Each structure stands twice: as C-alpha cells, then as structure tokens.
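# Residue-level structure breakdown
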Amino acid sequence: MEGPYIRVEESGEVLPLHPEVTTVGRGRGVDIRLADPSVSRLHAEFVRRGPYVYVVDLGLSRNGTRVNGRPVARRVLEDGDVVSFGAARCRMSGIPAEDIGPEVELRRAAAPELTRRELDVLNSLCRPALSDEAFVAPATARQIAEDLVVTEAAVKQHLLRLYQKFRVPEGPNRRTRLANEVVALGLVRPMPPVRQQPERKPASPADRQPDRRAS
C-alpha cells in the first residue's frame, strides 16, 4: 500500500490515511473506527503536511493517546511508531524516512486575545464534553444561547469570529475542532467529577423510640 497507513494490531486491519486529516475514534462518523471501549467516540486525528504525519490527541478523553508508550498531545510520527488510543494499538507504516529526532513534537500556537463574552461562549461550548468521562459532543449554538440567555444569531456570530481567531477551517465537526483547540490550549479546564452523597434512609419507628432499658 502506498502512502502512510496504520495496521491495527488486534485485528491486523490495514487502513490508509487521508491526504489531509484522518479522524480516529469509536463513533460512527470517524474515518478510522476502533471498537475498543477505551477509545472515545472522537479520540484523535492524523494530520498530513507534505512528507510529515503527526497525531493529535483531541483532549476530550481521559484515556489519552500515546506514541511508543509515551502520552502525547501532538507528535510527529516515524515509520514503525506504535500509536495507542486508549488500549487500542496501531502501528504506523509508509511514512518517508526523515531526519526527525524521536522527541520532536509540534507546539501549539499561543492563544489569541479573547473578549469576556467569547470566553463565556467557549466555556458553554465545551461544558458538555468536559463533564463526562467519555466524549460528548460540544454544545450547539442553541444550547449556548439558552445557557448565556442571548440570541442564537449572536452566538453564531461569536462562533464565526472564534473560528477565525483559532484558525479552524470550514468543514465537518467545526465546533468539535474549536473545542479541541481550546481544551488543548488550557483555556477551558475539565470540571472535577461531582461526588454524589449517598441517600439517607428515613429512620424506622423503632429507631425513633428512646431506649428505656438504660433507665
């Protein structure tokens, strides 16, 4: 097979990478679907830039992405690297040999300047995904509008400006891509899990009666 591709170690399935972006996950809409329950519905992306291929962990899964056993956020890949999505392992092949050090990673750009309202929109956008262990889709424009008590049209205008500021190109999953970038830059933090207090059972009549034997 020509061009970069992965081999899923468990099944032996060989899957080519798309010319630009290849999404990986357990959901129905991804390009490479892995059935392992430790894989999020949208877990990571392979990105091709000229002869280079790098993997991007999308930041919305607690199981993470690893290259040769090391957790990564964004990492240039070499032929033979083993990329793990949760417990699912895939081996890279077909990548041209380049003089790339094994520790090379691509750094994310600095965060753009944001207004207070834009930060509110981003927090509302990411809240559904960050409040659950498994991946949940970011909020829709309507849900953000209801959360912030503004019009849906106003939210869409804010989102358009945010796509431009974060350089998120047009295409499918645009809200998800924006949320991924925001989380990776640390602008929105995952919320700690809420501990539910155990329910207290009402006292029985016998429990409410005073113990007269001690008198």
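Quick look at helix H3 (residues 152-165) now. The end-to-end C-alpha distance of H3, which contains 14 residues, comes to 20 Å, matching closely the 20 Å that a straight helix rising 1.5 Å per residue would cover. Residues Val 155, His 158, Leu 159, Leu 162 and Tyr 163 constitute the buried set of H3. All buried residues of H3 project into a common sector of 140 degrees when viewed along the axis, lining one side. Structural note: H3 exposes Ala 153 and Gln 164 on the side pointing more than 90 degrees away from its buried face. Positive phi appears at Arg 167, one or two residues downstream of H3, with a value of about 55 degrees.

Reading across the sheet, the five strands line up as E4-E3-E5-E6-E9 and stay open at both edges, with mixed pairing between neighbours. In this open sheet, the two strands that pair with only one neighbour each are strand E4 (32-33) and strand E9 (74-76). Where strand E6 (residues 52-57) meets E9, three bridges bridge the pair, whose relative direction is antiparallel. By the bridge assignment for E9, Tyr 54 is matched with Val 76.

How each quantity is defined
Residues numbered from 1 in each chain as written. Predicted model: local features only at pLDDT ≥ 70, side-chain atom pairs only at ≥ 80, totals over all residues. Heavy atoms only, no water. Helix = DSSP H or I, 4+ residues; strand = E, 2+ residues; numbered from the N terminus. Expected span 1.5 Å × (residues − 1). Buried < 20%, exposed > 50% of the residue type's maximum accessible area, 1.4 Å probe, protein only. Arc of directions from axis to C-beta. Pairing = 2+ DSSP bridges.

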